[in-house]
Amino acid sequence: MMPAQQMDRWEGKSRVPFFVPLFNPLARRMLRGGVPLGPNALLTVRGRSSGMDRTTPVAVVAIGGRRWVIATFGDVNWARNLRAAGVATLTVNRRPETVAARELPQAEAAAFFRETLTPYVAGVPMGRWMLGSMLGAREIFDDPDGAAQHHPVFELRPRASGGSGAPMAPPA
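Residues numbered from 1 in each chain as written. Predicted model: local features only at pLDDT ≥ 70, side-chain atom pairs only at ≥ 80, totals over all residues. Heavy atoms only, no water.

Colleague: Mind showing me how you'd approach the overall build of the protein here?
Modeller: From N to C terminus, the protein includes 7 helices and 6 strands. Listing every helix and strand of the protein by position from the N terminus yields α-α-β-β-β-α-β-β-α-α-α-α-β. Buried residues in the protein amount to 37% of all 172 residues. Of the contacts formed within the protein by residues at least 6 apart in sequence, a portion of 59% connects residues at least 24 apart. Accessible area for the protein stands at about 9800 Å²; split by element, carbon and sulfur atoms hold 56% of it. (Helix = DSSP H or I, 4+ residues; strand = E, 2+ residues; numbered from the N terminus. Buried < 20%, exposed > 50% of the residue type's maximum accessible area, 1.4 Å probe, protein only. Contact = heavy atoms within 4.5 Å. Areas by Shrake-Rupley, 256 points an atom, 1.4 Å probe, with all protein chains shown as cover.)

Given below as structure tokens:
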């Protein structure tokens, strides 16, 4: 458990670097046009209050046929909307796909940071610097248990056809 003082520091706050609100509209346009931007894709989620679709660029971690998105800046609006909706549209290379999202419990998110993300990022040129220094999420590497408390992680799976909303079984 986090001390109350630390908890207050994180509750309801995001740590979005100054350049993200400037870059996101440009990235959104480029991704909509099919320009590849590394692991980035567009995530469209119905707003939990407005009911309107909201689209934001996100980095997709794709390993072994599985995909995740991480709320690098904390419990931001897209993460809260995804949690509420449970489904989204992920657009990669101008190809939209409806996905079901499952938020990882904190223990599973910590294990994901430690056992999956850290080795993955180590293999990406400048990956650790980008995530840790530029985007301000160094604690994902330094303190995965602490990071899991305020960096939601969602696993994305293809949504079953027929409109049931149930995710398809994971690949064998």
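Colleague: Can you help me understand unusual backbone geometry in this one?
Modeller: Most peptide bonds take the trans configuration, and most residues that are not glycine carry a negative phi. We note that N93 has phi near 50°; this positive angle belongs to a residue other than glycine. Inspection of the secondary structure assignment puts N93 in the loop between β4 (87-92) and β5 (95-103). In this structure, R94 takes a positive phi of about 65° despite not being glycine. Accessibility expressed as a relative area gives 57% for R94, which makes it exposed.

Colleague: Is there a simple way to explain the packing of aromatic side chains in this structure?
Modeller: By convention here, two paired aromatic rings are described through the distance between centres and the angle between planes. Under the criterion given, the structure shown has 3 aromatic pairs. Taking 4.9 Å as the distance between ring centres and 45° as the angle between the ring planes, the aromatic pair formed by W68 and F112 counts as tilted. Of this pair, W68 sits in strand β3 (residues 66-70) while F112 sits in helix α4 (residues 106-122); the two residues are 44 residues apart in sequence, bridging distant segments of the chain. Of the two residues, W68 and F112, both sit in the buried class. Within the aromatic cluster, the residues linked to one another by ring pairs are W68, F112 and F113. (Phe/Tyr/Trp six-rings, centres within 6.5 Å; stacked < 30°, edge-to-face > 60°.)

Colleague: Would you mind showing me how to read the environment of Q106 here?
Modeller: Mapped onto the fold, Q106 is located in helix α4. Between the C-alpha atoms of Q106 and A147, which are 41 residues apart in sequence, the distance is 8.9 Å. Leave out the neighbours within four places in its chain, and Q106 touches A148 and Q149.

Colleague: Would you take a moment to explain the pattern of salt bridges for this structure?
Modeller: Pairing between side chains of opposite charge can happen when their charged atoms approach one another. For the structure on display, the rule yields 9 salt bridges. Taking the shortest distance from any N to any O, the salt bridge between D75 and R80 comes out at 3.9 Å. Under the relative-accessibility criterion, D75 is labelled partly exposed at 31%. Between E155 and R157 there is a salt bridge; the shortest N-O distance is 3.5 Å. On the basis of relative accessible area, R157 is assigned to the partly exposed category, the value being 22%. Among the charged side chains, a salt-bridge network with shared partners connects R66, R102, E108, E155 and R157. (Salt bridge = Lys/Arg side-chain N within 4 Å of Asp/Glu carboxyl O.)

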